[in-house]
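Tertiary structure, described
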Amino acid sequence: MALLGVITLLSLLVVYVSLRVFRYMRSPTRDIPGTHPLSFITDTSKVFNPEMNFHLELAKKYGGVSRYSTILGERVLVSDPSLVKQVLQMEPHIYGKRLFIYRILASVIGDGLVTIVDPEVHKSLRGVIGQAFTYSNLKLYFPIFNHMGVELVNLWKKSALDGIPVDVLGDVNACTLDIIGRTAFGENFASLARLSSSSNNDNNGEQQSSHRAAAGGGGILSDAIQTLIHESASPIDLLPFIGAYSPTAIKRRKATNIISQEMKRIVIEKKDKIGVMRVEEEEDDDDVREKDLLDILIQLRDENDEELSLESIINQSKTFLLAGHETTSVAISWSLYLP
């Protein structure tokens, strides 16, 4: 019986490898420089290992466009800035989007601008939401940007004086999380404050460093975000049926549910607050108050002069929160790293 099982597994492996070779030979990506087409196991493990810097090494070795293999198929990495602009901005409509991948992404960051597949829907919604990101709106947040930047620099100065190693990406991530909490939702996540507090409470350098790595958020919502950041998905999570019950997948799913519930609460409370303030503003024409991005988003109108639905606002808010602060922190960290 055991022998039959081994033979069956070997037969399935041979069929799978044969299909991979057949598809590769017919694929238009085979002429793109990159790793060996049968290195899908090692390539997949490298993708999920943050210490490998796999994509960076590919770009260095093969240039602005390279190819690698995963257990889900061939992948093309575009790292040349001009080509990235072409794909994302100049001609996004001619580059197909894998619905399967976008559905997985949408389950985490919401079905917002980043994950909308239909180009016409994306264009229409982008035009509406773009109204919230005008210069006149964003310049109101410059004092918050400056204040949080000063807090981060002060934290690093103290770490340097105390001889504590600095986790640049982790600290910048906490900083951008605080910024988007205040500017987008009017919420104080106190991520940097917790980092600073953990530094002050510990005396041993190693203890301080480990405590700081674990203290990247304030409150239930922030802690859930940190779980998504630090609990990286593994190759096992990609396996059908089994992957959904891996320890990492369970933690990430729980964190995603918490984020969805908290964002729904924040949006509903904000809508109720805006409703009350509209009444007060009608009674007092001189009333002026500072607005965050969620205030503006709730009051936006589409081409039919209708407000965005509650579901749409929640999804866009999740996208702002998760995709916004993470991409910004990575970009800032790279700008500090590169010469």
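So, how was this worked out
- Residues numbered from 1 in each chain as written.
- Predicted model: local features only at pLDDT ≥ 70, side-chain atom pairs only at ≥ 80, totals over all residues.
- Heavy atoms only, no water.
- Axes fitted to C-alpha atoms, helices over the stretch in contact; angles between N-to-C directions.
- Helix = DSSP H or I, 4+ residues; strand = E, 2+ residues; numbered from the N terminus.
- Parallel < 35°, antiparallel > 145°, perpendicular 65-115°, else oblique.
- Left-handed = near helix turned anticlockwise from the far one by under 90°.
- Contact = heavy atoms within 4.5 Å.
- Salt bridge = Lys/Arg side-chain N within 4 Å of Asp/Glu carboxyl O.
- Patch = residues over 30% accessible without salt bridge, like charges linked within 9 Å, V, L, I, M, F, W, Y side chains within 5 Å.
- Areas by Shrake-Rupley, 256 points an atom, 1.4 Å probe, with all protein chains shown as cover.
- Buried < 20%, exposed > 50% of the residue type's maximum accessible area, 1.4 Å probe, protein only.
- Pairing = 2+ DSSP bridges.
- Polar contact = N/O pair within 3.5 Å; in protein donor to acceptor, adjacent residues only side chain to side chain.
- pLDDT = per-residue confidence, 0-100.
- Core = buried A, V, L, I, M, F, W, Y, C linked by side-chain atoms within 4.5 Å.
- Arc of directions from axis to C-beta.

Observations concerning the packing of helix 9 (residues 168-185) against helix 15 (residues 310-337)
Viewed as axis vectors pointing N to C, helix 9 and helix 15 meet at an angle of 140 degrees, and their least axial separation amounts to 8 Å. Here helix 9 is positioned oblique relative to helix 15, judged by the angle of their axes. For helix 9 against helix 15, the interelement crossing comes out right-handed. Residues Val168, Leu169, Val172, Asn173, Thr176, Leu177, Ile180 and Phe185 of helix 9 touch helix 15, and the partners they reach there are Ser317, Phe320, Leu321, Gly324, His325, Glu326, Thr328, Ser329, Val330, Ile332, Ser333 and Leu336.

Concerning the pattern of salt bridges
Across all of its chains, the model carries six salt bridges by this definition. Glu74 is paired through a salt bridge with Arg67; the nearest N and O atoms lie 3.5 Å apart. In this structure, Lys158 and Asp162 form a salt bridge, with 2.7 Å as the shortest nitrogen-oxygen distance. Pair noted here: Lys158 and Asp162 are both in helix 8 (residues 142-162), with a separation of four residues, about one helical turn. Connected through salt bridges with shared partners, the residues Glu262, Arg265 and Glu269 form a single ionic network.

Focus on a nonpolar patch on the surface
On the surface, a cluster of nonpolar side chains totalling about 290 Å² of accessible area is made up of Val166, Val168, Ile332 and Leu336. Mapped onto the elements, Val166 comes out in the loop between helix 8 and helix 9. Residue classification places Val166 among the partly exposed positions, given a relative accessible area of 34%.

Examining the pairing of strand 2 (residues 73-78)
Two strands pair when backbone bridges link them, and strand 1 (residues 65-70) and strand 2 are joined in this way by six bridges, in the antiparallel orientation. Looking across to strand 2, one finds that Arg67 is bridged to Val76. If you look at the hairpin formed by strand 1 and strand 2, you'll find two residues sitting between the two strands.

Details of unusual backbone geometry
For Ala190, which is not glycine, the phi torsion reads 55 degrees and is therefore positive. Examined against the element boundaries, Ala190 turns out to sit in the loop between helix 9 and helix 10 (191-201).

Here's the deal with the side chain of His325
Inspection of the secondary structure puts His325 in helix 15. A distance of 2.7 Å separates a polar side-chain atom of His325 from the backbone oxygen of Leu321. Apart from the residues lying within four places of it in its own chain, the contact partners of His325 are Asn173, Thr176, Leu177, Ile180, Ile225, Ile229 and Phe320.

Re the environment of Lys264
Within the secondary structure, Lys264 sits in helix 13 (residues 247-283). On the accessibility criterion, Lys264 (44% relative accessible area) is partly exposed. Considered as a pair, Lys264 and Ser317 are 53 residues apart in the sequence and their alpha carbons are 9.1 Å apart.

Considering the environment of Ser45
Mapped onto the secondary structure, Ser45 falls in helix 2 (residues 40-47). A relative accessible area of 40% means that Ser45 is categorised as partly exposed. Distance in space between the C-alpha atoms of Ser45 and Thr70 is 8.6 Å, their sequence separation being 25 residues. Side-chain polar atoms of Ser45 contact the backbone oxygen of Thr42, separated by 2.7 Å.

Some details on the confidence of the model for the protein
Should the pLDDT be low somewhere, the predicted coordinates at that spot are not to be read in detail. Scored by pLDDT, the protein has a mean of 77; 81% of the residues are at 70 or more. Ranking the helices and strands of the protein by mean pLDDT puts helix 8 first, with 91, and helix 11 (residues 205-214) last, with 41. Here residues 203-218 scores under 50 on pLDDT; set against residues more than four positions off or in separate chains, the count is 36 contacts.

Here we look at the nonpolar core
Where a protein is soluble and globular, its nonpolar side chains tend to be buried together. Core analysis: the biggest nonpolar cluster contains 37 residues, and Phe185, Leu221, Ile259, Leu294, Leu297 and Leu321 have the highest contact counts within it. Residue assignment for this core shows that the elements contributing at least two residues are helix 5 (99-109), helix 6 (119-129), helix 9, helix 12 (219-230), helix 13, helix 14 (293-299) and helix 15. Apart from the residues within four sequence positions on either side, Leu297 is in contact with Ile129, Leu308, Ile313, Gln316, Ser317 and Phe320.

Here's the deal with helix 6
Residues of helix 6 that are buried: Leu125, Val128 and Ile129. Buried residues of helix 6, seen end-on, are gathered within an arc of 90 degrees and therefore sit on one face of the element. Across from the buried face of helix 6, at angles greater than 90 degrees, the exposed residues are Glu120 and Lys123. Buried positions along helix 6 lie against helix 14 and helix 15.

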